[in-house]
Amino acid sequence: PLQPITNPRLLGKLAQAETDVASAAIGIARLTDAEWLTLIPALPVRARGILRHRRDLSPAVDLLLERLGVHDRGLPPIAANAAETVAEPASPEAPPPGAMPEDEYISDDVLELLDFADNPPPPTSLSEWARARAAREKAAPPAPAATVSSEAGIGAIVRRIEEFRKAREAQGAPEQRGAMGTDAPRLPLGDAVPPALRRAEAVDFATDPEGRIRWADGPHGPALFGLNLAANDDDGYSPPPGAAMRQRQPLRSARLQVNGAPAVCGEWQIDAVPRFDPTGGHFTGYCGRMRRPTAPAEADVAATPPSEADRMREILHELRTPANAIQVAAEIVQQQLYGPAPHEYRALAAAIASDCAHILAGFEELDRLVKLETGVLTLEAGECDLAEVVTQTIARLRSWTDPRGSGFSVDQAMAPSSLPVHLDKMEAERLVWRLFAALAGAMAPAETLALNWVQEDTHAAVHIVLPKALAERDDEALFGTAPGERGQSLSAGMFGMGFTLRLAAAEAAAAGGGMQRKDNALCLWLPGLTPADAGNSNL
């Protein structure tokens, strides 16, 4: 500040620098009027704006800045009759307003501000507009001096701004000009594309063997990356993608509900095929396309009211959330993850975590029953030996039945050694354990249940006598759930004996068989297979 700049060339260099440097240099510059008049036309627009704030310049310099301001602010050129009222520039280097090229009256900074830097408006139309306006003013009779003076004031500036705005609107909205695509980010300037146009309509994807999306095409692909398609069986749609993916089956119009970014959230329809390694033959994942359902399908879904099963599954989903949170908090205390805790607190937390796990297991069984009875879930097909599964289950239950003197009595002479069924072994083991564990828990001490299995026409059947405590019940009480009834310590369910038997019957029906009561016995049958020694041809 104590050393003023008197060199016009040095000031011109500093005015090209960043705003802080240019402002400091222009603020302390001390030039003559002739030097100012020579330098100002060469200064950048930003530097001229800084110079306008100085109040110690001569009238000639201020007048030149005012003339050049029409060019700097991006307004249409003033009329010829209004320009005549302005005094001539004090220096021959200062260009008059009419010397400005018609296609350069919008400066670079204004073009950038109006988002026209990459796609400026065509100068031809605005030049024609300027020439037409000048022709109209020349044809009009000359106005009095007072009127001309007022035209050059604030009113003329406001009118030129309005005319410039109308000329810009005549060029069309930014999205109509195609200056920016619908997928490009936008500033909130009032001309954004409606949100409905930004929704993803179709996405190609590929998954890993677990069903998790590891590649997705298009601008919305990152929002779907990591989505596990095989885990989405709780959306209430049929067919669900998870069941088919676990069996490595192609997906045809499978429905999926996605919760996430606004562009990808909502309902999707999936078509995909499994992929296998050509060299090793192992499964590598799915490859397909996600697309929005058609309008009629959406209308049908919206018109169909939710069923009792859908409402039950929604309630279960809401109940799982607090139970999971309580279990996690209890395990944190029990395992002292956030710091040491007294042993009494740890024991209490362990009991709470165990109760939550028991509750969540009950929720899973209730959800499984709803899915089986509504046909949403089917058991995985396969091949296994039902006789072997029953024998192994009885052996596992001996740790419970032998100390009590109870058990199952099998007539080996009447029971075949092999009983092939059309059901996956894991599903068969779960079904048989659920049924036999429930019956073993209901047996009285020293009680023995007669057991037998046979191969019938097209299915394999297992007959087991009911415990005395269950044989006294009627069918409604046997398969029903009494208020306040809790499961036995050995039972697979937490809702009592009736619920467990009902779930076992639903699993058998989903496998293509069934279970029902015959007098004082239960009969379980599953679709059978032809034994291996039936004499079939190997061709």
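Reading guide: rules and limits
As a convention, each chain's residues are numbered from 1 in the sequence order in which they are written. Where totals are concerned, whole chains, interfaces and linings use all residues; where local detail is concerned, this predicted model gives features only for residues with pLDDT of at least 70, and gives and counts side-chain atom pairs only at 80 or more. Computation of side-chain values covers all heavy atoms of the structure but excludes hydrogens and water. Any two strands with at least two DSSP bridges between them are considered paired. The way it works is that DSSP assigns letters per residue, a run of H or I at least four long becomes a helix, a run of E at least two long becomes a strand, and they are numbered from the N terminus. An axis is simply a line fitted to the C-alpha atoms; with a helix, the fit covers only the stretch in contact. Between two such axes, the angle follows the N-to-C directions and lies from 0 to 180 degrees. By the convention used here, residues are in contact when the closest approach between their heavy atoms is within 4.5 Å. When describing relative orientation, an angle under 35 degrees is termed roughly parallel and one over 145 degrees roughly antiparallel, while 65 to 115 degrees is termed roughly perpendicular and anything else oblique. For any helix crossing, the convention is left-handed if the near helix is rotated counterclockwise from the far helix by under a right angle, and right-handed if that rotation is clockwise. Any residue outside Ala, Val, Leu, Ile, Met, Phe, Trp, Tyr, Cys, Pro, Asp, Glu, Lys and Arg is labelled polar, Gly included; the first ten of those are nonpolar and the last four are charged. Each helix should span, by expectation, one fewer than its residue count multiplied by 1.5 Å. Burial classes: relative accessible area under 20% of the type maximum marks a residue as buried, over 50% as exposed, and values in between as partly exposed (1.4 Å probe, protein chains only).

**Observations regarding the sheet that holds strand β12 (residues 521–527)**
For step 1, the next point in the chain: Pairing within the open sheet is mixed, and its 5 strands lie in the order β7-β9-β10-β12-β11. This sheet does not close on itself; its edge strands, each paired only once, are β7 (407–410) and β11 (514–518). Adjacent strand axes in the sheet meet at a mean angle of 25° when their direction is disregarded.
For step 2, the next point in the chain: Taken together, the 7 bridges between strand β10 (residues 459–465) and β12 define a ladder with antiparallel strand orientation. Bridging across to β12, A461 finds its partner in W525.
For step 3, the next point in the chain: Those strands touched by helix α18 (residues 425–442) are β7, β9 (448–455), β10, β11 and β12, and its axis lies near 175° from that of β12.

**So, the packing of helix α16 (residues 343–374) against helix α21 (residues 497–510)**
For step 1, the next point in the chain: Contact geometry for α16 and α21: axes closest at 9 Å, N-to-C directions at 40°. By the criterion of interaxial angle, the relationship of α16 to α21 is oblique. α16 and α21 meet at a crossing whose hand is left-handed. Contacts between α16 and α21 involve E365, L366, R368, L369, L372 and E373 from the former and F499, R502, L503, A506, E507 and A510 from the latter.
For step 2, the next point in the chain: For the contact of α16 with α21, the class distribution of residues is 7 nonpolar, no polar and 5 charged.

**Brief notes about α21**
For step 1, the next point in the chain: Its 14 residues place the ends of α21 20 Å apart at the C-alpha level, agreeing with the 20 Å of an ideal helix rising 1.5 Å per residue.
For step 2, the next point in the chain: The buried fraction of α21 is high, at 11 of 14 residues.
For step 3, the next point in the chain: Of the residues making up α21, those classed as buried are M497, G498, F499, T500, L501, L503, A504, A505, A506, E507 and A508.
For step 4, the next point in the chain: Buried positions along α21 lie against α16, α18, α19 (468–471), α20 (475–479), β11 and β12.
For step 5, the next point in the chain: At the C-terminal side of α21, G512 shows a positive phi close to 100°.

**Brief notes about the sheet that holds strand β3 (residues 251–258)**
For step 1, the next point in the chain: Taken in spatial order, the 5 strands make up an open sheet running β2-β1-β5-β4-β3, and their pairing is antiparallel. Only two strands of the sheet have a single partner each, and these edge strands are β2 (213–216) and β3. With strand direction ignored, the average angle separating the axes of adjacent strands in the sheet is 30°.
For step 2, the next point in the chain: As judged from the 3 bridges shared by strand β1 (residues 202–207) and β2, these two strands associate in the antiparallel manner. Along β2, the bridge assignment pairs F205 with A216.

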